[in-house]
Amino acid sequence: MARKETITRKMIVDGAFELLREQGAYYVTARKLAAQIGCSTQPIFRIFSGMEELNQELFIKAREYFEDDYADAEKTHDIPFVDLGLAYIKFAKKETNLFKLLFLSKLEEDQTMYDLLNGGSKGFVIHEIKRIPNLDPDSVGTIFMKIFTFIHGMACMATSGEFDLTEDEVVEMLQDAYRAFTEQA
């Protein structure tokens, strides 16, 4: 009689995801993962061809987690990019290791930071761009790049613990930045 399979692909990915969230991508190794889910490394390499395949699946899970986090975030500000910026900064602060994997590591050639932030086909960024009144289509790229650089800088500060602004201060800064960048365009 064949032995019943107890370690599943989902268990491995979920265990790796928890390791990633708690310790960071560097610490998602076969041995640490095996200890996390209570098995030897053998089931991991039976189910996955290698850690690279697992890491690809882990990246997708992290991306989907970010997309769900943003979709669930409160959106109450009239000025474009304020809600997106707040959610992005909060995510960086709350889920530092996921943020680092998604937004501070080298991406595959077919992935861009814009696509990640936009939520793929969900269109988070596109929605914000459409909210800009009297938008000159020729200035969309410039406005987005300036706003994203500002937001990303604040989020990076949040990952290092060098960010002690209140939410109200962040909102004010995002609103000021938006106004300045759109006036220049």
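Because the structure is predicted, anything quoted here is derived from the model rather than measured.

Chemist: Can you lay out the packing of helix α1 (residues 9-23) against helix α2 (residues 30-37) for me, pointing to particular residues and giving the numbers?
Modeler: Between α1 and α2, whose axes approach to 9 Å, the crossing angle comes to 110°. Classed by the angle they form, the pair α1 and α2 counts as roughly perpendicular. Only K32, L33, Q36 and I37 of α2 make contact with α1, whose side of the interface consists of M11, I12, G15, A16, E18, L19 and Q23. Tallied by class, residues from the contact of α1 with α2 come to six nonpolar, three polar and two charged.

Chemist: Run through the side chain of D83, naming residues and quoting values.
Modeler: Position of D83 among the secondary structure elements: in helix α5 (residues 82-94). Despite its burial, D83 pairs with no opposite charge; the closest candidate is R131, at 4.5 Å N-O. Of the polar contacts made by the side chain of D83, one reaches the backbone nitrogen of T76; its length is 3.1 Å. Ignoring any residue separated from it by four or fewer positions in sequence, one finds D83 in contact with Y70, E74, K75, T76 and H77.

Chemist: Break down the packing of aromatic side chains for me, citing the residues and quoting the values.
Modeler: If you walk through the whole model with that rule in mind, you get 15 aromatic pairs. Note on F66 and Y88: the rings are 6.4 Å apart at their centroids and 85° apart in plane angle, and the pair reads as edge-to-face. Taken as a pair, F66 in helix α4 (residues 51-72) and Y88 in helix α5 lie far apart in primary sequence, 22 residues in all. Y88 shares its class with F66; the two are buried. Seen from their ring centres, F144 and F148 are 5.6 Å apart, and the 15° between their planes marks the pair as stacked. Of this pair, F144 and F148 both sit in helix α9 (residues 140-159), four residues apart, roughly one helical turn. This pair shows no difference in class: F144 is buried, exactly as F148 is. Of the aromatic side chains, those joined through ring pairs into one cluster are F17, Y65, F66, F81, Y88, F91, F99, F103, Y114, F144 and F148. Above the face of the F17 ring, K61 is positioned so that its terminal group lies 5.2 Å from the ring centre.

Conventions we followed
Residues numbered from 1 in each chain as written. Predicted model: local features only at pLDDT ≥ 70, side-chain atom pairs only at ≥ 80, totals over all residues. Heavy atoms only, no water. Axes fitted to C-alpha atoms, helices over the stretch in contact; angles between N-to-C directions. Helix = DSSP H or I, 4+ residues; strand = E, 2+ residues; numbered from the N terminus. Parallel < 35°, antiparallel > 145°, perpendicular 65-115°, else oblique. Contact = heavy atoms within 4.5 Å. Nonpolar A, V, L, I, M, F, W, Y, C, P; charged D, E, K, R; others polar. Buried < 20%, exposed > 50% of the residue type's maximum accessible area, 1.4 Å probe, protein only. Lys, Arg positive; Asp, Glu negative; His and termini not counted. Salt bridge = Lys/Arg side-chain N within 4 Å of Asp/Glu carboxyl O. Polar contact = N/O pair within 3.5 Å; in protein donor to acceptor, adjacent residues only side chain to side chain. Phe/Tyr/Trp six-rings, centres within 6.5 Å; stacked < 30°, edge-to-face > 60°. Lys NZ or Arg CZ within 6 Å of the ring centre and 35° of its normal.

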